[in-house]
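# Observations on the model geometry
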Amino acid sequence: MGLLERLRKEWFIVGIVLVIAVARLEPAVGVKGGPLKPEITITYIAVSAIFFNSGLSLKTEELTSALMHVKLHLFVQIFTLVFFPTAIWLFLQLLSITPINEWLLKGLQTVGCMPPPVSSAVILTKAVGGNEGIVITPLLLLLFLGSSSSVPFTSIFSQLFMTVVVPLIIGQIVRRYIKDWLERKKPPFGTISSCVLLMIIYTTFCDTFANPNIDLDKFSLILIVFIIFSVQMSFMFLTFLFSTRNNSSFTPADTVAIIFCSTHKSLTLGIPMLKIVFMGYEHLSLISVPLLIYHPAQILLGSLLVPTIKSWMVSRQKALKLTRQPKAPVKV
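A short tour of the structure in this document, coming up. Here the structure is a predicted model, which means the values were calculated and not measured.

### Some points on the overall build of the protein
Secondary structure summary: the protein contains 14 helices and zero strands in total. Counted from the first residue to the last, the protein has its helices and strands arranged as α-α-α-α-α-α-α-α-α-α-α-α-α-α. Within the span of the protein, comprising 332 residues, buried residues form 47% of the whole. Within the protein, contacts between residues separated by at least 24 positions form 83% of all contacts whose residues are at least 6 apart in sequence. Total accessible area on the protein is roughly 17400 Å²; 69% of this is exposed by carbon and sulfur atoms.

### Structural notes on the pattern of salt bridges
Scanning the entire structure with this criterion turns up one salt bridge. Glu183 is paired through a salt bridge with Arg175; the nearest N and O atoms lie 3.1 Å apart. What makes Glu183 partly exposed here is its relative accessible area of 30%.

### Points about the side chain of Thr204
Mapped onto the fold, Thr204 is located in helix H10 (residues 189–209). Apart from the residues within four sequence positions on either side, Thr204 is in contact with Lys275, Leu284, Ser285 and Ser288.

### Some remarks on the environment of Leu104
By the element assignment, Leu104 lies in helix H6 (residues 102–113). Relative accessible area serves as the criterion here: at 0%, Leu104 is assigned to the buried category. Distance from Leu104 to Leu221, taken between C-alpha atoms, is 7.9 Å for residues 117 residues apart in sequence.

### Focus: H6
With twelve residues, H6 should reach 16 Å at 1.5 Å per residue; the first-to-last C-alpha distance of 17 Å fits that figure. Every buried residue belonging to H6 is among Trp103, Leu104, Leu105, Lys106, Gly107, Leu108, Gln109, Thr110, Val111, Gly112 and Cys113, and all of these are buried. Of the residues flanking the start of H6, the one acting as N-cap is Asn101, its side-chain oxygen 2.8 Å from the backbone nitrogen of Trp103.

### Points about the layout of surface pockets
Size it by volume and the second largest pocket reaches roughly 450 Å³. Along the wall of the second largest pocket there are 18 residues; nearest its centre are Ile20, Phe205, Leu216, Leu221 and Val289. At the level of elements, helix H2 (11–25), H10 and helix H14 (284–324) are the ones that each hand at least two residues to the lining of the second largest pocket. Of all the elements, H14 adds the most residues to the lining of the second largest pocket, at six residues.

### Things to note about unusual backbone geometry
Of note, the phi angle at Lys37 is positive, near 50°, even though the residue is not glycine. As for its placement among the helices and strands, Lys37 is situated in the loop between H2 and helix H3 (38–57). On the basis of relative accessible area, Lys37 is assigned to the partly exposed category, the value being 40%.

About the thresholds
Residues numbered from 1 in each chain as written. Predicted model: local features only at pLDDT ≥ 70, side-chain atom pairs only at ≥ 80, totals over all residues. Heavy atoms only, no water. Helix = DSSP H or I, 4+ residues; strand = E, 2+ residues; numbered from the N terminus. Buried < 20%, exposed > 50% of the residue type's maximum accessible area, 1.4 Å probe, protein only. Contact = heavy atoms within 4.5 Å. Areas by Shrake-Rupley, 256 points an atom, 1.4 Å probe, with all protein chains shown as cover. Salt bridge = Lys/Arg side-chain N within 4 Å of Asp/Glu carboxyl O. Expected span 1.5 Å × (residues − 1). Polar contact = N/O pair within 3.5 Å; in protein donor to acceptor, adjacent residues only side chain to side chain. 1 Å grid on protein atoms, 1.4 Å probe; cavity = no way out; pocket = protein on both sides within 12 Å on 5 of 7 lines; lining within 4 Å. Points joined across faces, edges and corners; volume = space filled by probe spheres on them.

Below, the structure written as structure tokens:
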């Protein structure tokens, strides 16, 4: 794959770098009260647009089918929303004595609290990334970072309801009436959400670069990148061990879904949610950095590991098929 083709394929990651660079050059455009009026256009319109778009694209019939995998669904939920944030919190107790920037460490905790992606190549990922994340993620953020959140609890949930839940429901209702048209035309839902998300990231960093009191040292950033890759690799290996135990009853295909669903985190849901929970907070962009790093890290690790995991799954399925075949009678 050529460089140009690779850049085209990963345009969103390139876009993240570009909008942060543009925010650095001219932060006054996207700051609160600036020409873009992000306190209205981003906080309400952009976030609502993302979830209305998600409502239009979510195929309810596929979600219903995927939710039949109760044990798999339960495993992913417990690992993602209980084990993951708790393990990160314990790990951060050790890291708190290091010189790593404290806001980046808080950002690591927010990564642990995030749900899996709402839309993914695997239908099961859709099943585990929806409503639970909208309710549980803010609770986890307040539990682990409560003292950092400057917005009242009731205000957080009322805004989440108006900008996340309501647009999602409206999107689903609209989908019922234009389903045939959507199936025929196949609008680029992912691209639309990604473009809106880039606007949110841009305004977040405009606020940062406009604030002279915020400083990010390169040493902390390099360590955070290393920690994120290490955590993701460790948790992928851990989920593989859990799901392949003799008494687990998970199929090889289930194991693949568990590895990715349990360790991936939603940038689409995460950034808008951080914007709501930490509204007006001057260190919001630093808290967002680990999630912005985690997203390309999960794509990179996924693309590197998919051939190996696919090969394992195929060989495992063949081995199971052979063990289930009836043995030929022995001739005397």
